Every structure is written in C-alpha cells, then in structure tokens.
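Tertiary structure, described
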Amino acid sequence: MDAASLLKAAASSSNLLTSGEATLAARASSCLATSKRAPFPMRRAALGRPPLLSRSFSSDVNDGFLGSASKRRARGPIMAAKKAAEGGKRDEGKYKHTVDLPKTSFGLRANAVVREPEIQKMWEDNQVFKRIAEKNTGGSFVLHDGPPYANGNLHMGHALNKILKDIINRYKLLQNHKISFVPGWDCHGLPIELKVLQSMNQDARKELTPLKLRQKAAKFAKETVNIQMKSFKRYGIWADWENPYLTLSPEYEAAQIEVFGQMAMRGYIYRGRKPVHWSPSSRTALAEAELEYPEGHISKSIYAGFKIISPPPSSNGLLEEFFPNICLAIWTTTPWTIPANAAVAVNSRLTYVVAEVHSVLESASTSCGGKQIKLGSIFKSGKEKPFLILASELVSTLESKWGMKLVVRKTFPGSALENCRYVHPVSGKECPVVLGGDYITTESGTGLVHTAPGHGQEDYITGLKYGLPILSPVDDEGKFTEEAGEFHGLNVLGAGNDAVTNFLDEQLSLLMEEPYKHKYPYDWRTKKPTIFRATEQWFASVEGFRHAAMDAISKVAWIPSQAENRIVAMTSSRSDWCISRQRTWGVPIPVFYHIDSKEPLLTEETLNHIKIIVSKKGSDAWWHMPTEELLPDKYRDIASNYQKGTDTMDVWFDSGSSWAAVLAQRDGLGFPADLYLEGTDQHRGWFQSSLLTSIATTGKAPYSSVITHGFVLDEKGMKMSKSLGNVVDPDIIINGGKNAKDEPGYGADVLRLWVSSVDYTGDVMVGPQVLRQISDMYRKLRGTLRFLLSNLHDWKPENAVSYDDLPKIDKYALFQLENVVNSIQESYENYQFYKNFQIIQRFAIVDLSNFYFDVAKDRLYVGGKFSFTRRSCQTVLAAHLLSIVKVIAPILPHLAEDVWQNLPFDHVMEDGSIAKFVFELKWPDLNGKWLSIPADDVDFWNQILELRSEVNKVLENARIGKLIGSSLEAKVYLQAADGATASRLQEMCSSTNDADALHRIFITSQVEILTSLNDEIISNITYTGKYSNTRIGELWIGVSRADGMKCERCWNYSPLVGSVIEHPTLCARCFSAIDLQPVSAAVGVS
C-alpha cells in the first residue's frame, strides 16, 4: 500500500498504523533532504572567532520575542516544551526533548553601556579597522574630516556630523575600498585664547607674555582634543586616532604658511586700509564666517537733513529757488558713523523730488505701527520748515511715517544732483553728492545714502571712485578717537550713538528718530554686536580668482543639490577676504615691517625661510626668535631696520589649508578628496575657505563631492539652549544621566540609529520621545536577529539546501531579501540613510516577523531536526542573517559585531579564511538567481499574502466568538470564482512540500478548496469573509473547527492523531519527526 493510500485508510477507519506505515504516510507530505550538493559560502572550520566576554547560555528566546502575530497561533509547542522543562508533571511534555527549541547566548537586552565598550576594545586590540582597510583591494575612498573646534565638550551637532561620516566610511569598507580617515581639530583662535584668559585672575593676566599665553592655549587645546577624541571613539567612530591632524602642529603650520606664500607670490595677498567687520568685544577683525545674525536686534535709526550750500555746477538753476533752506534727507541705522561722513550718494536711475513740508503734527513724539518715534526739533512750531530732497517713490511712505504732508515742488533724475555740495553736519566741511550703485533703492530710507567710506563696503567702493577720504575715528575698543572731536572716548554702540543723535537735533539736522528691528552682525564668539571699521589689514583678493572658483563649483557634486545655489551666491558676491587678526594665539602672518616707512617685507626667500623654521620649531618661533634669525642670510645686515608683524591668520585660513597640510601630505590620502561633509553653515566657512585657498594655488577644488547637513533642534523644533533647558547631550544618550528612569543609557548604536533615521539635508529633531521610539525599533531589530541566531543553533553550512530544491515560499523569501539588499545599497550610494532606516524597519522588523518567521516556526520547532523543510528554512534564515548583518553594520556596528561574535557557525570567505569580525565581510554580491522568480509567481505570492491578511481577520472573529482559541483549532474554507485561481489554490493545498502547503501559510490545521457554495455549507459555517482582487477575482472565506484531534506535540489537529500504535497522541508528521534519523543533505544556496 502506498503512502497516499495509507493516509486515506487511516483517516476513514479506526485502524491503527504501524510505525513503518506511519513513517511512509508522513513522507507523503514532507520530503527528506537529498544528497545533491551545490556551492554555499559557509562551512564549519576548526578556527574560531576572538574571545569576547563570556555570556550565559539561554534557550529562552521566545519571551518578549519579536512581538509576533502568532501569539495565539504557533507558540503552543514551544510553551508546552518550556513548561515541561521548567518542572511540569511527570506525564506532561514527554515529547519536549523532540521539540527544537531556539537557543542562543545573544540576549534580547543589549546592555549597551557595558557591551559596546567591550566590542570597541576588541576592535582596538585586534586593529580591525587598520587591518581591513589595508587588506581591501578596491580603490581608495577619501572623506576629509572638517576640524571641530577644540574648545569644549561635544554636542549633538558633532555627533550627527561624525556618525554620518562613519556610516559612509564603514559602507565603503564593506564595498572593498581602502579607507584612511584622519580626524582633525581646529586649535587656534580667539575662543581658546579667551578660555585661557578667563581661567586667570587679573594679576596673572598682567604678567602674561604672548609666548606664555600661547603655551597655555596650546595646552588647553590639546587637553580638549583628548576629551573630544574619547567621546568620538565612544560613538563608535573608526579613524586614525593615533595620527590626527591638529592645526597647531608644526608640519601643519608650515603647510599653511606655504599656502599663504603661494597666494602672495601670485599677487592674491595684499595689505590695505578698508572697512572690515570689527569686534570691539574681541578687539579683532572678523571674517563673514565669524558672524551671526540673531533675531530681535534693534538699532536706533534716524532721518537727518544735510543742508545744501551750492547746487551742481551745470544745473542751470535747478535748486536756486529753494535756497537757503534746502536739505538732503538721509536715513541711517548707525548715527555714530555721521562724524565719518564724506558724501551723500544717490542713484542716477531713480527720480528725486524737492518736497515742501506742510501740516506737521503738534506733538514731537508719536507712535507709528506700535513703535515710538521722535520728531526732530526742526519741526517744532516757530521753526522754518526745510525743503527736502528725497526719492519720488518714497513721498507717500515718508508722509505716513513722519506724520506730515509733503508737497512736491520739483522733480528731476538722480544724475542731476551729482557734485551738489552740502555742509557736513558735524565738522562744517563741504562735502559732495555722488552717484552710487544699485545698492541705493527705495525699499527703505529716503533714496539718499549717507556715505562713510571708512564704515561700509559699498561706501568704500564709492569712495574709491570719487577719491573720498577714508575716515574711521573709532579705536579697537569701539570708542571714538580724538578725530571725532567732542565725542572722543564715547562708545559708538552706546553713549556715542546717543551723543551724535542729540548733537544733530541741537543743530536742527535731525528729522526723526525711531527704533528699527533688523538683522545685525554679532561676534559669534562673544555674542556681542560688531561694527564696520577701516583698519590696516591683510586681504586675499577673491576677485583675482573668483571666475575660476565659480567654474570649479559647477564641477562639484553638491548634496543636496540646492547647496550649490548657496555656495554660488556666497562666492559670487563676497568681497575680498580679510585674513589678518589682531590676536596672539594663531599662525603668524610672516611679514616684516620697515621701522621707519612701515613698508612690508614679503618675498619668496623670507617666506621659505620662515616655513622651514616653523616646520621644525612650530609657530612659537615667531615670538621667541629675534628678527635677525627669522630673516634669511641675505637680509641679516639690515635686520635691525625691520620688526616682526603681530597679526595672526584668520582661523578659517588655518582650516581652509587642511587640503594642503593633510590630503596632499598623508599616505593613503589624495587630493582632491572624494568627499567633504559638514553642516550647512560651512558654505560660508570651511567649504568656502578650502575652495578659495585651493583654487588660488592649484586651480582645482579640494573636493569632488560635498554633503551638507542641517542643525539639530529639540523635539519641538526649537534651537537647543541651556537657558531653555532643552539641550540633548550625546554623552547622556549613550551612558545615561543621573536619573536612570528619565535619562536611560541607550548606547551608541541607538544614537547612530537616530542619525540614520533623519533626513539630515534639513534641520533634524531629537528628544526623549524620539529616542524612546528609536530605542524600541532597535530592540525589535535585535529581536529579529536573535530569532535568526537562535534558530540556527544547530546549523551547519554543509546542510544547506540547493536553491533549485527550495520550496516556493523559501524562494520567494530570498527574492524579497535580494530586492531589499539592492534597495539598501542604492540608498547608501545616494547617501540617503533615512531610506535605509525605513527599509530595515519595514522588512527586518515587520515583514519578516509577520509572515516568514511566523510561518517558519512550525517547521523549525516541530518539523523535525533533520527534516528537509527545516533544513530549507534554516538555509534561508542563514542567508537572511548574513545579509542583514552586513547591511546594518555601517549604521549599527556594535549590534552587527555582537551578532557576529554569537554566530553559531563559522563563515568562510572566498579566500578560505574565517571571518572573525563582521567588517571582514564584503557587501552582498548581486544574486541574479534569487531574482529569477517569474513575475507571475511573484504577483501570485503577493496575492496570497493579502489573502492571508483577510483570513486572519475571519480567524480573529472566530476567536472572539469562542469558536476557536488558537488558529490551529481552525479549518479554513476557500471558494474561488475564477477557475484558474481555484486550481492554483488546490495545488497549494495538495503540495507534496509541506512548507508550501496553504494551511501552513495560514497557520491553521486544514484548508479546503470548495468547488462551489451551497446553502448547506453557508448555513454550517458561521464565520465568513471575502477577498477580491482584479487578478484572481473574488474569494469566499469560511472558518470552522478543525477536523480530528489535537496532536500533543505540534498542537495541529488531524484525523490521523491516534492512528499510530506506539504514539497514539501524535499526528503522522510528528511521529515521523521523532523517528527521523540524520540523512545526508544538499549543500548551498547558489
């Protein structure tokens, strides 16, 4: 009698089967593994992985495990076996030893605060990063590190930046690239100098020499570097920590001087007196990148009248009828610059008018738009009202603002006013009206611009055109000098501003005063307002190489693409770069000045000589060596005629020279870098300074691609601030805070997972709620990996089943896996890590556990240790484990390594060696065979998954209605309107491969396909549902109690339970499973 006949006989009679008959019957629905072999890249080997802290063995993997949908479905056998193992009654669980419980030492809890440092120590002890980077055979990939400032602890912006870089580098390692990542630090500049000064009392400061200050600053910077380096390492950042680059190192400083020298010899460096951003609080010039523009700044703005004393020479009586009481109406937000006024500028293309003042408000003070304004004394009753020249377009606006009627008496073009003369309201000197540029508009003010070439960039340019004097009667502290006369000694941003305003009012020149809210430049370090002030400074002439810089920008790949617009706008419009600073802690501008003439000495010989000295002794040599030794031999005889300069270089010149000091000089690196990655503020900082120095000296951009990221905000989208109490500290995220409940230690991988979850191209948000959500995802992902490890505890690569012999469900699972890996690779290549976060979350946490893992548990736990279906499932699980651990490794390296160190088998690589560390692996190769499933079959499996969801809904209704408890107590009925669909479903029901059987996919005990529906069937089946699809038509779904009795071992219901003489409580499959002996198996998934 054949197997099918035996099954039929057993189901239709009370006859018991012998053990031999039962085995034959079971094999009718479950195939044994064959001896056919195929290549698979895994096998056992005697070599082991490096020892890591031993952990207790545990087989209890199901508690809190995956949160599977099968809570009331497939956990019965596992729970029964566990109960028996924990000391049930003597007669209970007699088959527990036959259930293949999952086993692993890989815990569900990460214990990351302890475990991650252990893993990092293992990496460091075995020099994993260095060995892998050197062993890789692909091309080099150079991500050049932008140096953070060495003046404090790290914040979330640092964490976002460095982790993004590390994700990229680790991915490139898996792609077989040679990686050499050299971390850097910016060590010079005012913030460090101020930190040193703040740590000293007043008496100690008085005795502080420049050299002692520099020594203290260097010590502080190096100590901070060590603190920050420790934090970066704890983030899991792989880098050449033994050989970082510091901008204070002699070799770096020498390379920087080389860049300066090359620019000077090409004519791009010059000394000039022109207005620059000056910080009175820091007493130094500032570059644009050292400014910030906080919201809410309010300036005192004034409207003033400058009295005309003579019309333009060729005006033909244009203004004569209005003399002697006609004035030029100007507006300024910096009244303190009036003493330095040299001209009034108009726009030749605007139309101007002479307006007569009528109907002035009686009150000298009033309110306009909620702002308090004050009219000048000139408008008080009894005073003769002036005629005012202003832009025609602004007449109505100024009528409303000033609260008076303005009657237009004459109209003329701006060009007609050129060379008109007015009397300076403070000095009494004659000054001209000049023609300015397009910066003169009618968006605000009067259309006439008070011009002080010593206090404004546009004013300076206009002044050069007309040969105007460059006056700047303000000292380093922001106080008026003697040149300002009666205002001498007053602070221009305080009492000096008020004094000038009051003086103008006394002279009947003030028309109106009002507060004006606008963006104003502040010193980014001291957080105090700056001024524009003309001083003798060193500049880099951007105009000399602007065109080349713009051309280079267009050849760089900018991510996101709109970043190119920002760098273009900033580079195309920037003025010459002021590179000199009046501070002690920095790289000196290597220039000597003639004692009498003050002319600078700057030659190729002097530059080279200083560069050699600095490369050996560091830049301190500039301060401790005499001029005679700093000058080349040819100048020794005249050295007494020269003195050393005291200016230092802008710190952006420091970091902007890193391409020359690091990329061009370090082994394993190269110029240009493949990638720069920094915050979006670096478009006007490091990205631009690096570009300008590189273009000026090499003609090329220092980078091929540039990625920018946004700022880190709190959960509400607010800027983090200590005063608001919303600062998120990366160290607390990793190690926990004082209150473990409110500030638990999540470990570095949760922080890294957060970085991967956000679209970093814009501002990103983080806070306690966000971190809890990320931690929950991490825990679930860890659960997924734990499931894979625990069900491969007895796996041997030589037991792998050939791809061609796999059940259809397993082939479909590999098809999905391959598509997911390809999608993840594409996202890595495009630096879109948040897409990987979404893919991993959906696939590894949701899709796998809700379907494949859910269905697989039956054959893994009770299908029989050596059964073909279990081996085929393990083959697929092993493939998933290897792929998932690789694709998550760049983001979650500690988790990936933890999995690898708990791997229950050895993984042999192509060269025959055992992979001891996860990063010794390579990115999964494209497997075309796994993608070769016909599209029609893929579509059908998708429909089966949708049908399964609808079946689950009917099963849940039956459970709520007390018809069934678990889904294994159910029998599902399906009736398809479409004949082809019915045939295909019937084929799945009668599959000779138990893994593809429809009742296994539904996790029920039986499925029956009905050819038609009749009243009797409909009346006997209470719980029903429907599923419809354009491809397979409409299906009717019904659920009833399963036929037969419950198997003690697998909890499935079957008419065959009780048919086996020796084991009357088992179904035929379970008897076959406990009686099954090891057989040779196929090898490999190819």
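Each remark here, short or long, concerns the structure printed above.
The structure reproduced in this document is the subject of the present report. In this text, all values refer to a predicted model and were calculated from it rather than measured experimentally.

Parameters at a glance
- Residues numbered from 1 in each chain as written.
- Predicted model: local features only at pLDDT ≥ 70, side-chain atom pairs only at ≥ 80, totals over all residues.
- Heavy atoms only, no water.
- Helix = DSSP H or I, 4+ residues; strand = E, 2+ residues; numbered from the N terminus.
- Buried < 20%, exposed > 50% of the residue type's maximum accessible area, 1.4 Å probe, protein only.
- Contact = heavy atoms within 4.5 Å.
- Areas by Shrake-Rupley, 256 points an atom, 1.4 Å probe, with all protein chains shown as cover.
- Core = buried A, V, L, I, M, F, W, Y, C linked by side-chain atoms within 4.5 Å.
- Axes fitted to C-alpha atoms, helices over the stretch in contact; angles between N-to-C directions.
- Parallel < 35°, antiparallel > 145°, perpendicular 65-115°, else oblique.
- Nonpolar A, V, L, I, M, F, W, Y, C, P; charged D, E, K, R; others polar.
- Phe/Tyr/Trp six-rings, centres within 6.5 Å; stacked < 30°, edge-to-face > 60°.
- Lys NZ or Arg CZ within 6 Å of the ring centre and 35° of its normal.
- Polar contact = N/O pair within 3.5 Å; in protein donor to acceptor, adjacent residues only side chain to side chain.
- Pairing = 2+ DSSP bridges.
- Salt bridge = Lys/Arg side-chain N within 4 Å of Asp/Glu carboxyl O.
- Expected span 1.5 Å × (residues − 1).
- Bend = angle between axes of the 7 residues up to and from the residue.
- Left-handed = near helix turned anticlockwise from the far one by under 90°.

**Topic: the overall build of the chain**
Looking only at helices and strands, the chain has 33 helices and 39 strands in total. Residue burial in the chain is summarised as follows: out of 1086 residues, 56% are buried. Counting only contacts in the chain whose residues sit at least 6 apart along the sequence, the fraction spanning at least 24 positions is 78%. Summing over all exposed atoms, the chain offers an accessible surface of approximately 44,600 Å²; the carbon and sulfur share of this is 49%.

**Describing the nonpolar core**
Of all hydrophobic cores here, the largest spans 244 residues; its most connected members are Trp754, Tyr852 and Leu974. Looking at which element gives the most residues to this core, the answer is helix H26 (residues 833-861), with 15 residues. In this structure, tyrosine 852 is in contact with Ile809, Asp810, Ala813, Asp847, Arg859, Cys873, Val876 and Leu877, ignoring residues within four places of it in sequence. Among the nonpolar cores identified, the runner-up in size contains 72 residues, and Trp278, Ile330, Ala345 and Phe412 belong to it.

**Considerations on the environment of alanine 345**
Note that alanine 345 resides in strand S11 (residues 343-346). Taking the relative accessible area as the measure of exposure, alanine 345 reaches 0% and is therefore buried. Between the alpha carbons of alanine 345 and proline 432 there is a distance of 8.7 Å; along the sequence they are 87 residues apart. Here alanine 345 is in contact with Val434, Gly436, Tyr439, Ile440, Gly447, Leu448, Val449 and Thr451, once residues within four sequence places are set aside.

**Overview of the packing of helix H23 (residues 748-757) against helix H28 (residues 893-901)**
It is at 8 Å that the axes of H23 and H28 come closest, and there the two elements cross at 125°. It follows from the interaxial angle that H23 and H28 lie oblique. Of the residues in H28, those touching H23 at Ala748, Asp749 and Arg752 are Pro893, His894 and Leu895. Here the contact of H23 with H28 is composed, by residue class, of three nonpolar, one polar and two charged.

**Some words on unusual backbone geometry**
Put simply, isoleucine 559 and proline 560 share a cis peptide bond, and its omega is 0°. Assignment of secondary structure puts proline 560 in the loop between strand S23 (557-559) and helix H15 (563-573). At the junction of phenylalanine 671 and proline 672, the peptide bond is cis and its omega measures out at 0° in the coordinates. Its identity is not glycine, yet arginine 283 carries a phi of approximately 55°, on the positive side. For arginine 283, the position within the fold is in the loop between strand S6 (269-279) and strand S7 (284-286). Residue classification places arginine 283 among the partly exposed residues on the basis of a relative accessible area of 43%. A positive phi angle, close to 70°, is found at tryptophan 1051, a residue other than glycine. Within the secondary structure layout, tryptophan 1051 lies in the loop between strand S38 (1045-1046) and strand S39 (1053-1054). Under the relative-accessibility criterion, tryptophan 1051 is labelled partly exposed at 27%.

**Some thoughts on the packing of aromatic side chains**
Scanning the model with the defined rule gives 35 aromatic pairs in all. Taken together, Tyr171, Tyr760, Tyr828, Phe833 and Trp923 form an aromatic cluster joined through their ring pairs. If you follow lysine 162 out to its NZ or CZ, it ends over the ring of phenylalanine 232, 4.3 Å from the centre. Over the ring of tryptophan 1051 we find lysine 1046; its NZ or CZ atom is 3.8 Å from the centre of that ring.

**Quick word on the side chain of lysine 165**
Within the element layout of this structure, lysine 165 appears in helix H6 (residues 156-174). With relative accessibility at 0%, the residue lysine 165 sits in the buried group. A distance of 2.6 Å separates polar atoms of two side chains, one belonging to lysine 165 and the other to glutamate 678. Setting aside anything within four residues of it in sequence, one finds lysine 165 in contact with Leu143, Asp145, Gly146, Phe181, Leu677 and Glu678.

**Digging into the sheet that holds strand S31 (residues 703-709)**
Within the open sheet, the four strands sit side by side as S2-S30-S31-S23. Their pairing is parallel. The open sheet has two free edges, formed respectively by strand S2 (143-144) and S23, since each of these has just one partner strand. As paired strands, strand S30 (residues 673-679) and S31 are joined by six bridges and run parallel to one another. Paired with glutamate 678 across the two strands is threonine 708, which belongs to S31.

**As for the sheet that holds S6**
Read across the open sheet, the four strands follow the order S7-S6-S22-S24; overall the sheet is antiparallel. Looking at strand neighbours, the two that pair on one side only are S7 and strand S24 (577-578), the edges of this open sheet. Bridge count between S6 and strand S22 (residues 531-540): ten bridges; the pairing is antiparallel. If you follow lysine 274 over to S22, its bridge partner there is threonine 535.

**A short note on the pairing of strand S18 (residues 430-435)**
The side chains of a regular strand alternate, first on one face of the sheet and then on the other. Counting buried residues in S18 gives five out of six residues, a clear majority hidden from the surface. Relative to S18, S11 runs parallel, the two sharing three bridges. Across the sheet, alanine 345 pairs through a bridge with valine 434, a residue of S18. Two strands pair when backbone bridges link them, and strand S17 (residues 421-423) and S18 are joined in this way by three bridges, in the antiparallel orientation. Paired with valine 423 across the bridge in S18 is glutamate 430. Linkage of S17 to S18, two consecutive antiparallel strands, is achieved through a turn of six residues, within which glycine 428 is found at a positive phi near 80°.

**Some remarks on the environment of leucine 417**
Locating leucine 417 in the fold gives a position in the loop between strand S16 (405-413) and S17. With residues up to four places along the chain from it excluded, the contact list for leucine 417 reads Pro312, Leu319, Val346, Tyr352, Ile389, Phe412 and Val433.

**Quick word on H28**
With nine of nine residues buried, H28 is to be regarded as a mostly interior element. For H28, the full list of buried residues reads Pro893, His894, Leu895, Ala896, Glu897, Asp898, Val899, Trp900 and Gln901. Against helix H4 (112-125), H6, H23, helix H24 (768-790) and helix H27 (868-888) lie the buried residues of H28.

**A closer look at the pattern of salt bridges**
Taken as a whole and assessed by the stated rule, the structure comprises 60 salt bridges. For aspartate 438, the salt bridge identified is with arginine 349, shortest N-O distance 2.2 Å. Within this pair, whereas aspartate 438 is found in the loop between S18 and strand S19 (448-451), its partner arginine 349 is found in the loop between S11 and strand S12 (351-358), the two being separated by 89 residues in sequence. Each member of the pair aspartate 438 and arginine 349 is classed as exposed. Between arginine 859 and aspartate 810 there is a salt bridge, with its nearest N and O atoms 2.6 Å apart. Of this pair, arginine 859 sits in helix H26 while aspartate 810 sits in helix H25 (residues 808-829), and the two are 49 residues apart along the sequence. Assigned by exposure class, arginine 859 and aspartate 810 land together as buried. Here the salt bridges share partners, and the residues they tie into one network are Asp936, Asp937, Asp939, Arg984 and Arg1031.

**As for the side chain of threonine 334**
Structurally, threonine 334 can be placed in the loop between strand S10 (326-332) and S11. Residue contacts for threonine 334: discarding those within four places in its chain leaves Lys300 and Asn497.

**A look at H26**
Helix length check: H26 (29 residues) gives 36 Å between terminal C-alpha atoms against 42 Å at 1.5 Å per residue, more than 12% under. Along H26, the sharpest change in direction is near 60° and occurs at leucine 848.

**Some thoughts on the packing of helix H14 (residues 546-554) against helix H21 (residues 686-698)**
Across the interface, H14 lies against H21 with an axial gap of 10 Å and an inter-helix angle of 115°. The two elements H14 and H21 meet at a crossing, and its hand is right-handed. Touching Ala548, Ala549, Ala552 and Ile553 of H14 are Leu691, Leu692 and Ile695, all from H21. Grouping the amino acids of the contact of H14 with H21 by side-chain chemistry returns seven nonpolar, no polar and no charged.

**Re the environment of serine 575**
Inspection of the secondary structure assignment puts serine 575 in the loop between H15 and S24. By relative accessible area, serine 575 is classed as partly exposed at 33%. For the pair serine 575 and serine 541, spaced 34 residues apart in sequence, the C-alpha to C-alpha distance is 8.2 Å. Setting aside residues up to four positions removed in sequence, serine 575 forms contacts with Gln457 and Val542.

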